[in-house]
Amino acid sequence: MTTFISFTGNLAKAPELRTDKNGRPYTFARVIRTDRVNKGGEFEDGGTEGYDVAVWGADAEALCDLAERCGNVRVNVAGEELLDTYTNDEGNTRTVRKVLDAEVTVSLRGQTVTVERRN
């Protein structure tokens, strides 16, 4: 099942730029998000989820360059969510959360951003 998802999180590590068989660049960025939960008027950290975010073309190149220069970057992610469920070797059911053909932007919360236009 796929649905549209939009969230803010942090890059877990610098994504690796790859190319497909047609020479088109892409990457899978690992983005971690933590929900904020209202507990009687006080907000606390809730559950943490990780997403494998697929980014293509010049956006993939820009994201990899940004992560290499800046490290742990807070990003906004929007795209089609896909949940892959499988059973591991120990017999436990696991779910992998993916965001396909994602649009990734840099969050301004807690960080400064310099914008450079690309052709």
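No experiment lies behind these values; they were computed from the predicted model shown.

1. What to know about the overall build of the protein chain
Looking only at helices and strands, the protein chain features one helix and six strands. In sequence order, the secondary structure elements of the protein chain are arranged as β-β-β-β-α-β-β. In terms of overall dimensions, the protein chain has a C-alpha envelope of 50 × 40 × 25 Å along the principal axes. When the 119 residues of the protein chain are sorted by exposure, 27% land in the buried category. Of the contacts formed within the protein chain by residues at least 6 apart in sequence, a portion of 57% connects residues at least 24 apart. Per element, the accessible surface of the protein chain, about 8300 Å² overall, is 43% carbon and sulfur.

2. Some details on the nonpolar core
Core analysis: the largest hydrophobic core is formed by 17 residues, its most contacted members being Phe7, Leu11, Val31, Val53, Val77 and Val99. Sorting the residues of this core by element identifies strand E1 (2-11), strand E3 (25-39), strand E4 (42-56), helix H1 (57-70), strand E5 (74-87) and strand E6 (93-106) as the ones contributing at least two each. In terms of residue count, H1 provides more of this core than any other element does, four residues in total. Setting aside residues up to four positions removed in sequence, Val99 forms contacts with Ile5, Phe7, Tyr51, Asp52, Val53, Ala54, Val77, Ala78, Gly79, Glu80 and Glu81.

Reading guide: rules and limits
- Residues numbered from 1 in each chain as written.
- Predicted model: local features only at pLDDT ≥ 70, side-chain atom pairs only at ≥ 80, totals over all residues.
- Heavy atoms only, no water.
- Helix = DSSP H or I, 4+ residues; strand = E, 2+ residues; numbered from the N terminus.
- Buried < 20%, exposed > 50% of the residue type's maximum accessible area, 1.4 Å probe, protein only.
- Contact = heavy atoms within 4.5 Å.
- Areas by Shrake-Rupley, 256 points an atom, 1.4 Å probe, with all protein chains shown as cover.
- Core = buried A, V, L, I, M, F, W, Y, C linked by side-chain atoms within 4.5 Å.

Remember that the coordinates give geometry; whether it matters functionally is a separate question.
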